[in-house]
Amino acid sequence: GLGASSENAKLEMERTGLQYPLLEKIGITLHYCWMAVLTTGFGRWSVAYSLMYFFIATCSSGFFLALVFGLGHNGMAVYDATTRPDFWKLQVTTTRNITGGHGIPKFFVDWFCGGLQYQVDHHLFPMMPRNNIAKCHKLVESFCKEWGVTYHEADMYDGTVEVLSHLQNVSDEFLVEMVKDFPAM
(Lines give C-alpha, C1' and ligand atoms only; values in the text may rest on other atoms or scores of the structure.)
Protein backbone atom coordinates (compact mmCIF):
# COMPACT_ATOMS: atom_id res chain seq x y z
CA GLY A 1 0.00 0.00 0.00
CA LEU A 2 0.88 3.65 0.15
CA GLY A 3 2.35 3.27 3.63
CA ALA A 4 4.99 0.82 2.46
CA SER A 5 6.01 2.91 -0.54
CA SER A 6 6.09 6.07 1.57
CA GLU A 7 8.30 4.31 4.11
CA ASN A 8 10.60 3.09 1.32
CA ALA A 9 10.81 6.60 -0.10
CA LYS A 10 11.62 7.98 3.36
CA LEU A 11 14.38 5.41 3.88
CA GLU A 12 15.82 6.10 0.43
CA MET A 13 15.76 9.85 1.09
CA GLU A 14 17.58 9.35 4.40
CA ARG A 15 20.13 7.08 2.70
CA THR A 16 20.91 9.13 -0.40
CA GLY A 17 19.34 12.57 0.09
CA LEU A 18 18.45 14.89 -2.77
CA GLN A 19 20.83 15.08 -5.71
CA TYR A 20 20.59 18.90 -5.82
CA PRO A 21 19.05 20.01 -2.50
CA LEU A 22 19.49 23.75 -3.07
CA LEU A 23 18.10 23.65 -6.61
CA GLU A 24 15.17 21.54 -5.37
CA LYS A 25 14.26 24.20 -2.78
CA ILE A 26 14.73 27.05 -5.26
CA GLY A 27 12.59 25.26 -7.87
CA ILE A 28 9.74 24.61 -5.43
CA THR A 29 9.90 28.19 -4.15
CA LEU A 30 9.81 29.60 -7.70
CA HIS A 31 6.89 27.32 -8.59
CA TYR A 32 4.76 28.51 -5.67
CA CYS A 33 5.74 32.15 -6.22
CA TRP A 34 4.63 31.85 -9.85
CA MET A 35 1.42 30.09 -8.79
CA ALA A 36 0.69 32.89 -6.29
CA VAL A 37 1.16 35.54 -8.99
CA LEU A 38 -0.83 33.56 -11.56
CA THR A 39 -3.72 32.64 -9.27
CA THR A 40 -4.21 36.22 -8.16
CA GLY A 41 -4.49 37.39 -11.78
CA PHE A 42 -1.29 39.38 -11.27
CA GLY A 43 -2.86 41.05 -8.25
CA ARG A 44 -6.20 41.90 -9.90
CA TRP A 45 -8.47 39.11 -8.60
CA SER A 46 -10.23 38.77 -5.27
CA VAL A 47 -9.08 36.22 -2.68
CA ALA A 48 -12.15 34.03 -3.30
CA TYR A 49 -11.63 34.05 -7.09
CA SER A 50 -7.90 33.36 -6.65
CA LEU A 51 -8.54 30.39 -4.37
CA MET A 52 -11.15 29.04 -6.79
CA TYR A 53 -8.69 29.39 -9.69
CA PHE A 54 -5.92 27.64 -7.71
CA PHE A 55 -8.14 24.69 -6.71
CA ILE A 56 -9.60 24.26 -10.20
CA ALA A 57 -6.14 24.41 -11.80
CA THR A 58 -4.69 21.94 -9.29
CA CYS A 59 -7.61 19.51 -9.49
CA SER A 60 -7.82 19.60 -13.29
CA SER A 61 -4.07 18.98 -13.56
CA GLY A 62 -4.44 15.93 -11.33
CA PHE A 63 -7.45 14.76 -13.33
CA PHE A 64 -5.63 15.05 -16.66
CA LEU A 65 -2.60 13.22 -15.27
CA ALA A 66 -4.89 10.46 -14.00
CA LEU A 67 -6.42 10.16 -17.49
CA VAL A 68 -2.99 9.75 -19.06
CA PHE A 69 -1.81 7.26 -16.42
CA GLY A 70 -5.06 5.33 -16.62
CA LEU A 71 -4.86 5.07 -20.41
CA GLY A 72 -1.30 3.84 -20.17
CA HIS A 73 -1.85 1.19 -17.50
CA ASN A 74 -5.44 0.15 -16.70
CA GLY A 75 -6.72 -3.01 -18.30
CA MET A 76 -3.29 -4.38 -19.12
CA ALA A 77 -1.79 -7.67 -17.94
CA VAL A 78 -1.28 -8.21 -14.22
CA TYR A 79 1.10 -10.86 -12.91
CA ASP A 80 1.58 -12.47 -9.53
CA ALA A 81 5.08 -13.07 -8.20
CA THR A 82 5.27 -16.64 -9.53
CA THR A 83 4.30 -15.85 -13.14
CA ARG A 84 6.02 -12.49 -13.52
CA PRO A 85 8.16 -12.33 -16.69
CA ASP A 86 11.57 -10.69 -16.90
CA PHE A 87 11.90 -6.90 -16.67
CA TRP A 88 11.48 -5.91 -20.30
CA LYS A 89 8.56 -8.28 -21.00
CA LEU A 90 6.89 -7.05 -17.81
CA GLN A 91 7.19 -3.41 -18.90
CA VAL A 92 5.97 -4.14 -22.43
CA THR A 93 2.98 -6.29 -21.47
CA THR A 94 1.68 -4.16 -18.58
CA THR A 95 1.52 -0.81 -20.41
CA ARG A 96 -0.02 0.56 -23.61
CA ASN A 97 1.06 3.34 -25.93
CA ILE A 98 -1.47 5.95 -27.03
CA THR A 99 -1.67 7.15 -30.63
CA GLY A 100 -3.81 9.55 -32.62
CA GLY A 101 -6.91 8.26 -34.39
CA HIS A 102 -10.72 8.44 -34.45
CA GLY A 103 -10.41 12.10 -35.41
CA ILE A 104 -7.97 12.89 -32.59
CA PRO A 105 -4.80 14.25 -34.25
CA LYS A 106 -1.38 12.95 -33.22
CA PHE A 107 -0.15 16.44 -32.29
CA PHE A 108 -2.97 16.70 -29.71
CA VAL A 109 -2.04 13.30 -28.22
CA ASP A 110 1.62 14.41 -28.09
CA TRP A 111 0.66 17.63 -26.31
CA PHE A 112 -1.94 16.13 -23.98
CA CYS A 113 0.20 13.19 -22.87
CA GLY A 114 3.43 15.19 -22.68
CA GLY A 115 5.64 12.31 -23.80
CA LEU A 116 3.80 9.64 -21.82
CA GLN A 117 1.90 8.50 -24.90
CA TYR A 118 5.00 6.28 -25.34
CA GLN A 119 4.27 4.55 -22.03
CA VAL A 120 5.93 1.25 -22.98
CA ASP A 121 9.12 2.99 -24.05
CA HIS A 122 9.03 5.25 -20.98
CA HIS A 123 8.83 2.21 -18.70
CA LEU A 124 11.75 0.55 -20.45
CA PHE A 125 13.89 3.70 -20.40
CA PRO A 126 12.57 5.94 -17.59
CA MET A 127 15.55 8.30 -17.66
CA MET A 128 15.43 8.91 -21.42
CA PRO A 129 14.55 12.53 -22.28
CA ARG A 130 11.06 12.68 -23.76
CA ASN A 131 12.30 14.29 -26.98
CA ASN A 132 14.17 11.03 -27.72
CA ILE A 133 11.42 8.57 -26.77
CA ALA A 134 9.68 8.88 -30.16
CA LYS A 135 12.98 7.95 -31.86
CA CYS A 136 13.37 4.96 -29.53
CA HIS A 137 9.78 3.83 -30.17
CA LYS A 138 10.46 2.21 -33.56
CA LEU A 139 13.46 0.30 -32.18
CA VAL A 140 11.49 -1.05 -29.22
CA GLU A 141 8.59 -2.00 -31.47
CA SER A 142 10.84 -3.92 -33.87
CA PHE A 143 12.68 -5.59 -30.97
CA CYS A 144 9.37 -6.79 -29.50
CA LYS A 145 8.23 -8.05 -32.90
CA GLU A 146 11.52 -9.93 -33.34
CA TRP A 147 11.13 -11.61 -29.92
CA GLY A 148 7.39 -12.28 -30.25
CA VAL A 149 6.29 -10.03 -27.38
CA THR A 150 2.95 -8.24 -27.78
CA TYR A 151 3.43 -4.48 -28.01
CA HIS A 152 0.08 -2.83 -27.42
CA GLU A 153 -0.90 0.50 -28.92
CA ALA A 154 -4.35 2.08 -29.06
CA ASP A 155 -5.64 5.48 -30.02
CA MET A 156 -7.16 7.67 -27.30
CA TYR A 157 -10.69 6.57 -28.09
CA ASP A 158 -10.02 2.82 -28.28
CA GLY A 159 -7.74 3.00 -25.23
CA THR A 160 -10.52 4.68 -23.26
CA VAL A 161 -12.99 2.00 -24.37
CA GLU A 162 -10.51 -0.72 -23.31
CA VAL A 163 -10.02 0.90 -19.88
CA LEU A 164 -13.75 1.39 -19.29
CA SER A 165 -14.48 -2.17 -20.41
CA HIS A 166 -11.85 -3.49 -18.01
CA LEU A 167 -13.23 -1.42 -15.14
CA GLN A 168 -16.74 -2.67 -15.95
CA ASN A 169 -15.51 -6.29 -15.81
CA VAL A 170 -13.76 -5.69 -12.49
CA SER A 171 -16.86 -4.09 -10.98
CA ASP A 172 -19.09 -6.88 -12.32
CA GLU A 173 -16.82 -9.52 -10.74
CA PHE A 174 -16.93 -7.60 -7.46
CA LEU A 175 -20.73 -7.42 -7.51
CA VAL A 176 -21.04 -11.15 -8.25
CA GLU A 177 -18.67 -11.96 -5.37
CA MET A 178 -20.53 -9.58 -3.07
CA VAL A 179 -23.92 -11.10 -3.87
CA LYS A 180 -22.57 -14.62 -3.30
CA ASP A 181 -20.85 -13.76 -0.02
CA PHE A 182 -23.28 -11.22 1.44
CA PRO A 183 -25.06 -12.81 4.43
CA ALA A 184 -28.46 -11.26 3.69
CA MET A 185 -28.65 -12.61 0.14
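Conventions and cut-offs
- Chains are numbered independently. Their residues run from 1 in the order of the written sequence.
- Predicted model: local features are reported for residues with pLDDT of at least 70 only, side-chain atom pairs are reported and counted for 80 or more only, and whole-chain, interface and lining totals are derived from all residues.
- Hydrogens and water are ignored here; the side-chain numbers use all heavy atoms of the structure.
- A pair of Phe, Tyr and Trp rings is counted when the ring centres sit within 6.5 Å of each other, with Trp represented by its six-membered ring. The angle between the planes then sorts it: under 30 degrees is stacked, over 60 is edge-to-face, the rest tilted.
- Burial classes follow relative accessibility: with a 1.4 Å probe on protein chains only, a residue under 20% of its type's maximum area counts as buried, one over 50% as exposed, and anything between as partly exposed.
- Secondary structure elements are taken from DSSP: a helix is a run of H or I of four residues or more, a strand is a run of E of two residues or more, and numbering for both begins at the N terminus.
- A patch is a set of surface residues, each over 30% in relative accessible area and not in a salt bridge, joined within 9 Å for like charges and within 5 Å for the nonpolar side chains Val, Leu, Ile, Met, Phe, Trp and Tyr.
- Each accessible area is a Shrake-Rupley result for a 1.4 Å probe, and residues are judged covered by the shown protein chains and nothing else.
- By definition, a salt bridge exists where a carboxyl oxygen of Asp or Glu is found within 4 Å of a side-chain nitrogen of Lys or Arg.
- Working convention: axes come from line fits to C-alpha atoms, limited for helices to the stretch in contact. Angles between N-to-C directions cover 0 to 180 degrees.
- Each angle gets one of four labels, with under 35 degrees taken as roughly parallel, over 145 as roughly antiparallel, 65 to 115 as roughly perpendicular, and the rest as oblique.
- We call two residues in contact when some of their heavy atoms are within 4.5 Å.
- By the convention adopted, Pro, Cys, Tyr, Trp, Phe, Met, Ile, Leu, Val and Ala count as nonpolar, Lys, Arg, Asp and Glu as charged, and the other residues, Gly among them, as polar.

Student: I keep staring at the packing of aromatic side chains and nothing clicks. Help me out?
Tutor: For any pair of aromatic rings, geometry is given as the distance between the ring centres together with the angle between the planes. Taken as a whole, this structure holds 11 aromatic pairs when the rule is applied. Ring centres 5.9 Å apart and planes at 70° place the aromatic pair Trp34 and Phe42 in the edge-to-face group. Accessibility expressed as a relative area gives 46% for Trp34, which makes it partly exposed. For Phe42, a relative accessible area of 52% translates into the label exposed. Note on Trp88 and Phe143: the rings are 5.0 Å apart at their centroids and 65° apart in plane angle, and the pair reads as edge-to-face. Taken together, the residues span a long stretch of sequence, with Trp88 in helix α4 (residues 87-93) and Phe143 in helix α7 (residues 130-147) at a distance of 55 residues. Residue classification places Phe143 among the partly exposed positions, given a relative accessible area of 38%. Site record: aromatic cluster; members linked through ring pairs are Phe63, Phe64, Phe108, Trp111 and Phe112.

Student: Explanation requested: unusual backbone geometry in the structure shown.
Tutor: Negative phi is the rule for most residues except glycine; trans is the rule for most peptide bonds. At Phe42, a position not held by glycine, the phi torsion is positive, near 55°. Looking at the element boundaries, Phe42 is found in the loop between α2 (21-39) and α3 (47-73). Positive phi is not limited to glycine here, since His102 has a value of about 55°. Of the residues examined, His102 reaches a relative accessible area of 53% and is grouped as exposed.

Student: Hey, could you run me through a nonpolar patch on the surface in this one?
Tutor: On the surface, Tyr20, Leu22, Leu23, Ile26 and Leu30 cluster together into a nonpolar patch covering about 560 Å² of accessible area. By the element assignment, Leu30 lies in helix α2. According to the relative accessible area criterion, Leu30 is exposed, its value standing at 55%.

Student: Looking at this structure, I do not really get the packing of α2 against α3. What am I missing?
Tutor: To characterise two packed helices, one gives the angle between the axes of the helices and the distance between these axes. Axis separation between α2 and α3 bottoms out at 9 Å; the angle between their running directions is 125°. Looking at the two axes, α2 sits oblique to α3. Of the residues in α3, those in contact with Met35, Leu38 and Thr39 of α2 are Ser50, Tyr53 and Phe54. Class assignment for the residues of the contact of α2 with α3 results in 4 nonpolar, 2 polar and no charged.

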